[in-house]
Each structure stands twice: as C-alpha cells, then as structure tokens.
Amino acid sequence: MTPEQDLRLSDEVRADVWRRLLASIEDHWRRVDDGRVAPVLDPEGLRQSIEALDLGNGLPPADVIGFVVDGLSRHQVHTAHRRYYGLYNPSPSTMGVVADALVAAFNPQLAAWSHSPFAAEVEAYLVKEFGTRFGYPRERADGVFASGGAEANHTAVIASLVERFPEYRRRGFVGSRIRPSMYATSEAHDSLRKAASICGIGFDAVRTVPTTASLRMDADALRDLVASDRRAGLTPFLVVGTAGTTSAGIVDPLEDIAAVADENGLWFHADAAWGGAAVLSAASRPLLKGIERADSITFDAHKWLSVPMGAGIFLTRHPDALGRSFGTNNAYMPRDAEGLDIVDPFSHSIQWSRRFTGLKLFMTLAVAGWHGYARVVDGMFERGRVMRNVLAGRGWDILNETELPISCFAPKTVPPASRATIDALVKAVVASGRAWVSTALLGSGRACIRACVTNFATDAPDIEALADALDEARETAGAPAAT
Ligand SMILES: *Cc1c(COP(=O)(O)O)cnc(C)c1O
C-alpha cells in the first residue's frame with residue numbers, strides 16, 4: 001500500500017465505497033420512519049463495541065462503513081424521523097447532503113477570499129439575499145456564516161461591545177470602571193449568557209427583563225430596568241429580542257423593543273435562529289414585523305430550512321461592524337487578492353479556517369427555489385395548527401400563545417402537573433420509540449410537554465400518532481396499577 005492508497009484508496013475500492021455510501025443513505029431515509037425515533041441508551045455497550053475495533057492495521061472500508069451505519073442507525077435520535085417533534089433539529093434536505101459531500105471533497109478554505117473565491121462569493125450572495133428578506137436595504141446588508149445560532153449570538157455580543165465601547169477590542173475592560181449590561185428575557189437562549197462570559201463581561205451582565213403573561217418581553221419593563229440600571233451605575237449596551245423562543249416559540253414585541261433601543265442607544269439584536277424562517281412566506285412574514293429594525297439578526301439554516309447541522313448566519317445592517325470586530329493584520333495570510341474589491345472571510349468571523357457552510361443552503365435553495373421554501377414554511381405552520389387542535393381536542397391544556405408550529409401543553413389538572421409528572425409523561429413517550437418530545441419550563445417554572453413540528457415530512461397521521469402515544473402515557477400515569 002502507498003500512502004495515497006492508505007488515504008485515497010484505490011480506484012476499485014473507491015468505486016465500491018461510493019456505492020455503499022449511497023446505498024446506506026438511501027436505505028436509512030427509506031426505513032427511518034419504520035423504526036424507533038429515539039435509541040435505547042446503553043453507554044457501556046457502545047463504548048465496548050467501539051473499543052473492540054482493531055485499528056492497528058486498518059480495516060476494510062466496507063466493514064468500517066457497516067460499523068458506522070449500524071451505530072448511527074441504532075444509537076441516535078433520528079431527526080429525519082417524521083415523528084421527531086424536537087428541538088428544531090431538522091431532517092436534512094437531499095441537496096444539503098450533496099453539498100456537504102462536495103464541500104468535504106473539494107475542501108474549500110474560507111479564511112482568505114483568494115483561496116476559495118467561488119465559496120466566498122456564494123456565501124456573500126446568500127448573506128445579501130437573506131438580509132434583504134429580513135428587510136435590510138440590500139446595499140447595507142452584511143453578515144457571515146457561523147457554526148450555528150450560538151456562534152451568531154456570540155458574534156452579536158462582540159459586535160455590539162465593539163460598537164458601544166471603542167476601547168473594548170484593544171483593552172477589554174481591564175482597569176475600567178465600566179460595568180456593561182445587556183438585556184433579554186428568561187425565555188431567551190442561554191447561548192447569550194455563555195457569550196457574555198466568554199466576552200469577559202460575565203453572565204451577571206445579562207439582565208432578565210420581565211415578561212407579560214404570554215411570555216413576551218414587556219417593553220415597558222425593559223425601559224424601566226434600563227433606567228434603573230443606569231442609575232445604579234451600569235452601562236446598558238445591548239437588548240436581545242427573540243423571534244421564536246426555544247421553549248415555546250414566543251415572538252417578543254420587536255417593534256417596541258426597537259423603540260426602547262433607539263431611545264437608549266442600545267444595539268438591538270434579534271435572535272431568530274428558528275423563527276426567522278417565517279419571513280420566507282408572505283403569510284407568516286407579518287409575525288416578525290419590526291425585525292428589519294434590528295441592528296443584527298441570528299438565523300439558523302440548520303433549523304427550519306432543513307440543511308444538515310452546522311449552518312448559522314449572523315446578519316447585520318451595519319456593513320462596517322464585522323470588519324471592526326474581527327479585522328486583523330498579519331503577515332502569513334495570502335495576499336493574492338490585494339487590490340481587488342473583496343472581503344476576506346477570516347477578517348469577518350470568530351472562526352479562521354472555516355468550512356464552506358453556505359453551500360448546503362445554496363444548493364437546497366437553488367433546487368427548491370424561494371417558492372419551495374415558502375411552501376415548506378406554510379406547510380409546517382399548517383401542521384402546527386393541526387397539532388394544536390388535535391391536542392386541545394384530546395383534552396390537553398395548551399399553555400403557549402404563539403402562531404408558530406410548536407405546542408407546550410400539560411394535562412388539565414388542578415393543581416398543575418408537577419415537573420416530575422411531566423418528565424414521566426415525556427419519558428414514557430420517548431421510551432415507546434413512537435415519537436420524540438421534551439420537557440420545557442415556561443416563565444416562572446411551569447413544566448410542560450414541548451412538541452414542535454420540526455420535520456417537513458410530518459403530516460396529519462403523524463400528529464394523530466403522537467397524540468395516541470401521549471394519551472397512552474397519560475392513561476398509564478393516571479392508573480394506580482402503573483405506579
Ligand atoms: C437553537 C437556538 C439557538 C442556538 O443555536 P445553535 O444552532 O444550536 O447554536 C439560539 N437561539 C435560539 C432562539 C435557538 O432556538
């Protein structure tokens with residue numbers, strides 16, 4: 001064997017590998033709905049089976065593919081399953097899988113523009129297109145692809161710190177008396193607190209804005225909190241409104257938040273990681289009214305737009321924000337594009353060497369078209385309404401007020417079901433393998449079952465099947481014999 005044959009394999013072996021790869025993917029997709037949604041958990045057995053492989057001399061590729069496909073098939077929550085009602089993890093589009101394979105094979109480097117001009121320009125195009133769809137003027141729309149919503153939110157915290165505190169990039173807050181504060185509700189994604197701590201302002205800097213009874217940010221309370229924090233010596237710099245909260249799909253009042261941000265000189269970031277897809281359909285667009293006033297937006301293509309994992313986007317209407325936040329000078333990066341009108345991705349991103357994240361979105365969009373994506377979005381809204389009606393019809397108490405396709409619900413009991421009861425119901429449904437749902441805590445801590453229409457293939461019979469599994473869990477839990 002030559003080193004090349006060790007890694008690239010011979011022509012004949014490669015032909016067999018590709019055939020097996022395609023057959024495995026096709027077989028998985030055709031059969032995934034017939035099996036369990038969630039695996040039986042067995043950490044010890046798994047570790048043993050992995051450690052038992054003899055990797056000293058290498059194994060036949062066919063054996064390795066077989067081992068991995070078996071492992072993934074049996075030990076994974078299948079987001080491609082049509083009864084996965086989960087945490088926004090999508091069933092991947094076919095063109096998204098094609099794109100990820102092409103990206104792996106061509107391996108474009110998205111650090112310096114001159115290394116991968118095609119990749120860089122495809123991403124720049126998508127950033128303009130999506131920025132425009134969110135309502136930014138095309139000539140001002142800027143942004144960058146990220147690993148996901150967490151990185152995009154982190155980017156927003158950095159960009160807003162750099163914008164509001166000119167010394168931040170150079171000195172951080174070393175030797176400064178400034179105590180920066182940022183604002184979000186209890187329902188906002190926890191990646192914001194993580195970002196605050198990574199940025200060195202500490203997660204106590206994230207101030208919790210009260211919500212109304214429907215769990216939306218109370219904009220008047222935001223105004224009051226900002227004022228009282230100022231009096232207490234804090235320096236407010238950022239407010240984050242969520243457009244589709246992770247637990248309950250709540251959309252904060254974006255226009256009211258924009259107004260408070262304007263009055264107070266705050267950067268307004270809209271976290272639309274999942275819910276942002278609503279802007280792609282004329283029917284649901286109005287739900288996100290005001291998002292165009294956000295200084296920046298987080299949007300994840302790997303949620304509602306159903307591309308394989310690892311595709312977030314940070315968008316902003318301040319074309320200079322990213323360069324100011326991440327621009328660097330160094331001698332070793334290629335200068336082949338000097339003098340051309342281009343942007344080096346590494347100077348606009350937290351990442352340096354970077355994968356061509358945008359291709360899976362580009363290829364999926366290019367085949368589905370904007371109209372296809374609008375149909376996907378409309379269809380999932382429709383199934384969300386069916387789900388709400390079916391659950392309500394079977395006597396579940398729907399606890400979240402949203403038009404987005406996600407339901408938070410609990411048995412109709414007085415007093416309300418405890419966390420333990422909800423966890424037991426969720427566990428029973430997941431253990432049955434028939435559907436995947438989760439526990440969520442709303443506002444002050446009310447426990448509920450969370451089910452989101454996450455898969456474009458989910459249809460009315462799947463929702464009936466979910467309701468059947470839930471009803472059985474409820475009956476079993478209610479029967480004294482079961483305890
Ligand atoms: C999922 C989600 C995130 C985090 O995104 P990742 O892609 O998991 O990094 C942030 N905000 C909201 C509202 C989300 O739903």
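Before any of the text, the structure's been laid out above.
Residues numbered from 1 in each chain as written. Predicted model: local features only at pLDDT ≥ 70, side-chain atom pairs only at ≥ 80, totals over all residues. Heavy atoms only, no water.

S.K.: I'd like a rundown of the pattern of salt bridges, residues and numbers included.
M.R.: Tallied over the entire structure, the rule returns 36 salt bridges. The partner of arginine 83 in a salt bridge is aspartate 462, and the shortest N-O contact between them spans 3.6 Å. Here aspartate 462 lies in helix 15 (residues 460-478) and arginine 83 lies in the loop between helix 4 (61-74) and helix 5 (94-106), a separation of 379 residues in the sequence. Here arginine 83 matches aspartate 462 in class, with each residue buried. (Salt bridge = Lys/Arg side-chain N within 4 Å of Asp/Glu carboxyl O. Helix = DSSP H or I, 4+ residues; strand = E, 2+ residues; numbered from the N terminus. Buried < 20%, exposed > 50% of the residue type's maximum accessible area, 1.4 Å probe, protein only.)

S.K.: I'd like a description of the pairing of strand 1 (residues 142-146), backed by residues and values.
M.R.: Counting buried residues in strand 1 gives five out of five residues, a clear majority hidden from the surface. Judged by which residues are buried, strand 1 turns out to be covered on both faces: Asp142, Val144 and Ala146 on one side and Gly143 and Phe145 on the other are all buried. Across five bridges, the pairing between strand 1 and strand 7 (residues 312-316) is antiparallel. Note on strand 7: the bridge partner recorded for alanine 146 is glycine 312. (Pairing = 2+ DSSP bridges.)

S.K.: Go over the environment of glycine 135, please, and point to the residues and values.
M.R.: With respect to the element layout, glycine 135 can be found in the loop between helix 6 (117-133) and strand 1. In this structure, glycine 135 is in contact with Arg285 and Glu292, ignoring residues within four places of it in sequence. (Contact = heavy atoms within 4.5 Å.)

S.K.: Break down the site of the ligand for me, with residues and values.
M.R.: The full set close to the ligand counts 14 residues, and Ala150, Asp271, Asp300, His302 and Lys303 are the nearest of them. Between the ligand and the protein, one listed contact pairs an oxygen atom with a side-chain N or O atom of histidine 302 at 2.7 Å. When isolated, the ligand has an accessible area of 380 Å², and the protein chains bury 85% of it. Residue contributions to the shell around the ligand peak at three residues, all from helix 7 (residues 149-164). Here the residues of the shell around the ligand are counted per class, giving three nonpolar, eight polar and three charged. (Near = heavy atom within 4 Å. Polar contact = N/O pair within 3.5 Å; in protein donor to acceptor, adjacent residues only side chain to side chain. Areas by Shrake-Rupley, 256 points an atom, 1.4 Å probe, with all protein chains shown as cover. Nonpolar A, V, L, I, M, F, W, Y, C, P; charged D, E, K, R; others polar.)

S.K.: Go over helix 5 with me, naming the residues and quoting the values.
M.R.: Taking 1.5 Å per residue as the helical rise, helix 5 with its 13 residues ought to reach 18 Å, and the 18 Å between its terminal C-alpha atoms agrees with that figure. Buried within helix 5 are the following residues: Gly96, Ala99, Asp100 and Val103. Buried positions in helix 5, seen along its axis, are confined to an arc of 100° and lie on one side of it. In helix 5, those exposed residues whose orientation departs by more than 90 degrees from the buried face are Ala105 and Phe106. On the buried face of helix 5, the contacting elements are helix 13 (359-393). Just beyond helix 5, the residue with positive phi is asparagine 107, at close to 50°. (Expected span 1.5 Å × (residues − 1). Arc of directions from axis to C-beta.)

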